[in-house]
Amino acid sequence: MNQQNNIDFDRIKDAIGYINDNYRSQPALDDVAAHVALSPYHLQRMFTEWAGVSPKKFLQYISIENAKKILKESRATLFDTAFEVGLSGTGRLHDLFVKIEGMTPGEYKNGGENLAINYSFAETPFGEILIASTMKGICYMAFANNETTALEELQKLFPNADYKQLTDNNQQNALYIFKQDWQRPEQIKLHVKGTDFQLKVWESLLKIPMGRLLTYSDIARQTGNPKASRAVGSAVGDNPVAYLIPCHRVILSSGSFGQYHWDSSRKAAIIGWENVNINNR
């Protein structure tokens, strides 16, 4: 693993967290740089290399006002049409060809004792991840601040499975997402353990394109359970496949990004990064 890339992203994530937490006071570049122990020059350069825009410009993409605008646009152009309209050509998003298959009870019976799982660690623009797969598809993906702890979290889900550290075709195909390689729109298959309600929520999340945001209430209505916002929140929080199932695109109705299983600052980083990429196409 490129340890320096992970260190650089951790600094960027901390900078974004600081900007997000102190948005109302409009922190200057010097203030943000001091918070992450870098010179303003180095922070500006590192941040621009990662995000494609300056910290000041990125601030606009993660502001509550911008989030509210996106929520309004999302409801007008996506929610009311049941998310059926996708983009064509190079704008084709991964959400349009990621497919979920729920595991059968037999596949995770007795802690997955008959389940063979390959796993590996990989770099992404948002830090290192642990990605795991069965013969049928990706069963788990999580941001990994610590490789040992991340693997232990996976093993808790399937304590009796047969694990092998191996990068297979399912994993490689999924990892193209982080390169935005839309020229290779092979179907990405997910093979996940979840209740019928959880699977329904996760399928709804897949229909939120990059650069769009919805609220928990929006997802509840989409699943046909308008009063189930709390249950939707739990299902979103239980998402076993980070980024591919884009739970980061669900925020509070106030425009605040809210919590994220893999760190709220990382959520802000992902949302801002996606908005930059959509607006710079």
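Draft legend 1. Region of the structure containing the overall build of the protein chain. Within the protein chain, the regular secondary structure consists of eleven helices and eight strands. Burial analysis of the protein chain (281 residues in total) assigns 51% to the buried set. Partitioning the intrachain contacts of the protein chain with sequence separation of at least 6 by distance along the chain shows that 69% fall at a separation of at least 24. Working note: accessible area of the protein chain is about 13500 Å², and carbon and sulfur atoms make up 47% of it.

Draft legend 2. The arrangement of helix α3 (residues 40-51) in detail. With twelve residues, α3 extends 16 Å from end C-alpha to end C-alpha; this agrees with the ideal 16 Å at 1.5 Å per step. Residues of α3 that are buried include every one of L43, M46, F47, W50 and A51, and no others. Around the axis of α3, the buried residues are gathered within 110° of arc, so they sit on the same side. Of the exposed residues in α3, those oriented more than 90 degrees away from the buried face are Y41 and E49. Looking one or two residues past α3, G52 carries a phi angle of roughly 90°, positive in sign.

Draft legend 3. Fine view of the side chain of H248. Position of H248 among the secondary structure elements: in the loop between α10 (229-237) and β8 (250-251). Among the polar contacts listed, one links the side chain of H248 to the side chain of R249, at a separation of 3.4 Å. Here the side chain of H248 touches E274 through a polar contact of 3.1 Å, side chain to side chain. The contact partners of H248, leaving out residues within four places of it in the chain, are L213, Y243, Y260, K267, I270, I271 and E274.

Draft legend 4. Representation of the confidence of the model for the protein chain within the structure. Summarising the model, the protein chain shows a mean pLDDT of 86, and 88% of its residues fall at 70 or more. Scored below 50 in pLDDT, residues 78-96 shows 39 contacts in the model against residues more than four places distant or in partner chains.

Draft legend 5. Region of the structure containing the packing of aromatic side chains. Within this structure, the stated rule accounts for twelve aromatic pairs. Ring geometry for F9 versus W50: centroids 5.8 Å apart, planes at 50°, classification tilted. With F9 in helix α1 (residues 3-21) and W50 in helix α3, this pair connects stretches of sequence that are 41 residues apart. The residues F9 and W50 share a single accessibility class, namely buried. Taking the centre distance of 6.3 Å and the plane angle of 90° together, the rings of Y119 and F121 count as edge-to-face.

Cut-offs applied
- Residues numbered from 1 in each chain as written.
- Predicted model: local features only at pLDDT ≥ 70, side-chain atom pairs only at ≥ 80, totals over all residues.
- Heavy atoms only, no water.
- Helix = DSSP H or I, 4+ residues; strand = E, 2+ residues; numbered from the N terminus.
- Buried < 20%, exposed > 50% of the residue type's maximum accessible area, 1.4 Å probe, protein only.
- Contact = heavy atoms within 4.5 Å.
- Areas by Shrake-Rupley, 256 points an atom, 1.4 Å probe, with all protein chains shown as cover.
- Expected span 1.5 Å × (residues − 1).
- Arc of directions from axis to C-beta.
- Polar contact = N/O pair within 3.5 Å; in protein donor to acceptor, adjacent residues only side chain to side chain.
- pLDDT = per-residue confidence, 0-100.
- Phe/Tyr/Trp six-rings, centres within 6.5 Å; stacked < 30°, edge-to-face > 60°.

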